[in-house]
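Chains, contacts and geometry: an overview
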Amino acid sequence: MSEGDHLDSLVIEYKTLLRKSVSNNNQNNCDEKHIIENLTKSADWSPQGANEILGLVNNYGAFILRNALAIAVALGKEDGALGL
């Protein structure tokens, strides 16, 4: 599976998992506590990792994170130094 296919699969998985946590009319209005709970219970994230990833999403958004993903893939960095 290519990185693009893997990303598409993850987006679908997380959209399904988090659909009740995000308001349909306002993407900035979401239940962060519910998101953290879902990520820890259903996606095998640690509470620290779920908080960290949500912080990245809130602080940087998809544009920057897409570019970070592309650079990480180009450099062959599957896991980062923090190991979250």
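Here, every reference points to the structure presented above.
Residues numbered from 1 in each chain as written. Predicted model: local features only at pLDDT ≥ 70, side-chain atom pairs only at ≥ 80, totals over all residues. Heavy atoms only, no water.

Moving on: the overall build of the protein chain. Regarding its fold elements, the protein chain presents three helices and two strands. Considering the protein chain as a whole, with its 84 residues, one finds that 12% of them fall into the buried category. Within the protein chain, contacts between residues separated by at least 24 positions form 30% of all contacts whose residues are at least 6 apart in sequence. Of the roughly 6800 Å² of accessible surface on the protein chain, a fraction of 53% belongs to carbon and sulfur atoms. (Helix = DSSP H or I, 4+ residues; strand = E, 2+ residues; numbered from the N terminus. Buried < 20%, exposed > 50% of the residue type's maximum accessible area, 1.4 Å probe, protein only. Contact = heavy atoms within 4.5 Å. Areas by Shrake-Rupley, 256 points an atom, 1.4 Å probe, with all protein chains shown as cover.)

What follows deals with unusual backbone geometry. Excluding glycine, residues mostly carry a negative phi; peptide bonds, for their part, are mostly trans. Here the phi dihedral of Asp44 falls at roughly 60°; this positive angle occurs in a residue that is not glycine. Residue placement: Asp44 occurs in the loop between α2 (32-42) and α3 (47-75).

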